[in-house]
Amino acid sequence: MKVKVGESILELVQGDITQQDTEAIVNAANPSLLGGGGVDGAIHRAAGPELLEECKTLGGCAPGDAKITKGYRLKAKYVIHAVGPIYKKEGARAPEVLASAYRRSLELASEHGIRTVAFPSLSTGAYGYPVKEAAPVALKAVADYLKGHPEIELVRFVLYDSKTYQAYEEALRGLGFPEFC
Ligand code: AR6
């Protein structure tokens, strides 16, 4: 599914984020930035060991924030490492921390002249955020940013399984943007 938000395209696909040819892909990282399971493990395996070496120099990353590195062996030139909330730990602040992780990722993209970005579904795996609650927060945060930032031409959500894809599709329909063919 693809919609137009201002001048930009917001797209949902089911797939593997490590294979994306966008200029940047976003990693669902943890505050150490030193790797882990899920998307994080897959991105580090695909990018090669140089990615971890660069991550070691960054001094970690707080929940709701993001840091940027090169993409090494990936098709993407950059990896943006975003730290989402641990759902149970953040409690009532979870939506605000999640929205901030998406917004900070896009701010870094704008600062680096990146026009195309792929996101996974931050926090809905190991961090336990129910996908039906996370999807509208994620999509609204990205859409709000795109409205004021036409320099980002494409944001693609790359959703690993059909349950996650369907939750995002339903949430995106709820936002009422015109479908783009
Ligand atoms: N491409 C796209 N999505 C994927 C892929 C992939 N290759 N692999 C898994 N997913 P998670 P989190 C989906 O756990 O919840 C790590 O250990 C997955 O099905 O990767 O933010 C970090 O180091 C789920 O829908 O991220 C942190 O410690 C979504 O990506 C912690 O996990 C996010 O799942 C972060 O947890």
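Look up a bit, the structure's there.
Now for a look at the structure at hand. None of the values given here were measured: they were computed from a predicted structure. (Residues numbered from 1 in each chain as written. Predicted model: local features only at pLDDT ≥ 70, side-chain atom pairs only at ≥ 80, totals over all residues. Heavy atoms only, no water.)

Some remarks on the overall build of the protein chain
Condition: A helix here means a DSSP run of H or I that spans at least four residues, while a strand means a run of E at least two residues long, and both kinds are numbered starting from the N terminus. Here the radius of gyration uses the C-alpha set of atoms, whereas the globule reference equals 2.2 Å times the residue count to the power 0.38. For every residue, the accessible area (1.4 Å probe, protein chains only) is compared with the maximum for its type, and the residue is labelled buried under 20%, exposed over 50%, or partly exposed between those bounds. Note on contacts: a residue pair is in contact if any heavy atoms of the two residues lie within 4.5 Å. Only the protein chains shown count as cover for residues, and all accessible areas are computed by the Shrake-Rupley method using a 1.4 Å probe. Under the counting rule used here, the positive set is Lys and Arg, the negative set is Asp and Glu, and His together with the chain ends is not counted. Lysine's charge is taken at NZ, arginine's at CZ, aspartate's at CG and glutamate's at CD.
Across its full length, the protein chain holds 6 helices and 7 strands. The N-to-C order of helical and strand elements in the protein chain reads β-β-β-α-α-β-β-α-α-β-α-β-α. Taken over C-alpha atoms, the radius of gyration comes to 15 Å for the protein chain, in line with the 16 Å a tight globule of 181 residues would show. The principal-axis extent of the C-alpha atoms belonging to the protein chain is close to 45 × 35 × 30 Å. Here the protein chain holds 181 residues, and 50% of them are scored as buried. Counting contacts in the protein chain only where the partners sit at least 6 residues apart, residues at least 24 apart contribute 69% of the total. About 8300 Å² of surface is accessible on the protein chain, with carbon and sulfur atoms providing 52% of the total. Taking the average place of the 21 positive charges on the side chains of the protein chain and the average place of its 22 negative ones, the gap between the two points comes to 2 Å.

Things to note about the site of the ligand
Put simply, the test is: In these notes, residues near a molecule or strand are those with any non-hydrogen atom within 4 Å of it. For the purposes of these results, a polar contact is taken to be a pair of N or O atoms within 3.5 Å, where, inside protein, one atom must be able to donate a hydrogen and its partner to accept one; residues adjacent in sequence count only when each atom of the pair is a side-chain atom.
As a structural note, the neighbourhood of the ligand is formed by 22 residues, with Asn30, Gly37, Asp40, Ser123 and Gly125 the closest of them. Aspartate 16 has a polar side-chain atom sitting 2.8 Å from a nitrogen atom of the ligand. The backbone of tyrosine 127 places a nitrogen or oxygen atom 3.1 Å from an oxygen atom of the ligand. Looking at which element gives the most residues to the shell around the ligand, the answer is helix H1 (residues 38–47), with 4 residues.

Examining unusual backbone geometry
Phi at leucine 33 is positive, roughly 60°, even though this residue is not glycine. For leucine 33, the position within the fold is in the loop between strand S3 (24–29) and H1. The backbone of serine 123 shows a phi angle near 75°, a positive value even though the residue is not glycine. By the element assignment, serine 123 lies in the loop between strand S6 (116–119) and helix H5 (131–148). The class for serine 123 is buried, based on a relative accessible area of 7%.

Notes on the nonpolar core
As a reminder, the rule being used: In this description, a nonpolar core means a group of buried Ala, Val, Leu, Ile, Met, Phe, Trp, Tyr and Cys residues linked to one another through side-chain atoms lying within 4.5 Å.
Of all hydrophobic cores here, the largest spans 45 residues; its most connected members are Leu10, Tyr102, Phe157 and Tyr168. Residue contributions to this core peak at 11 residues, all from H5. If sequence neighbours within four positions are ignored, tyrosine 102 has contacts with Phe119, Pro120, Ser121, Leu122, Ala138, Ala141, Val142, Phe157 and Tyr168. With 15 residues, the next largest nonpolar core counts Ala47, Leu51, Leu74 and Val79 among its residues.

As for the pattern of salt bridges
The condition is simple: In what follows, salt bridge is the name for a side-chain nitrogen of Lys or Arg lying within 4 Å of a carboxyl oxygen of Asp or Glu.
Applying the stated criterion across every chain, the model contains 13 salt bridges. Among the ionic pairs, aspartate 144 bridges to lysine 140, the shortest N-O distance being 2.8 Å. You can see aspartate 144 and its partner lysine 140 sitting in helix H5, 4 residues apart, about one turn around the helix. Taking the relative accessible area as the measure of exposure, aspartate 144 reaches 37% and is therefore partly exposed. Look at the salt bridges and you will find they share partners, linking Glu11, Asp21 and Arg156 into a network.

Everything listed here is a matter of coordinates, which is why it stays silent on function.
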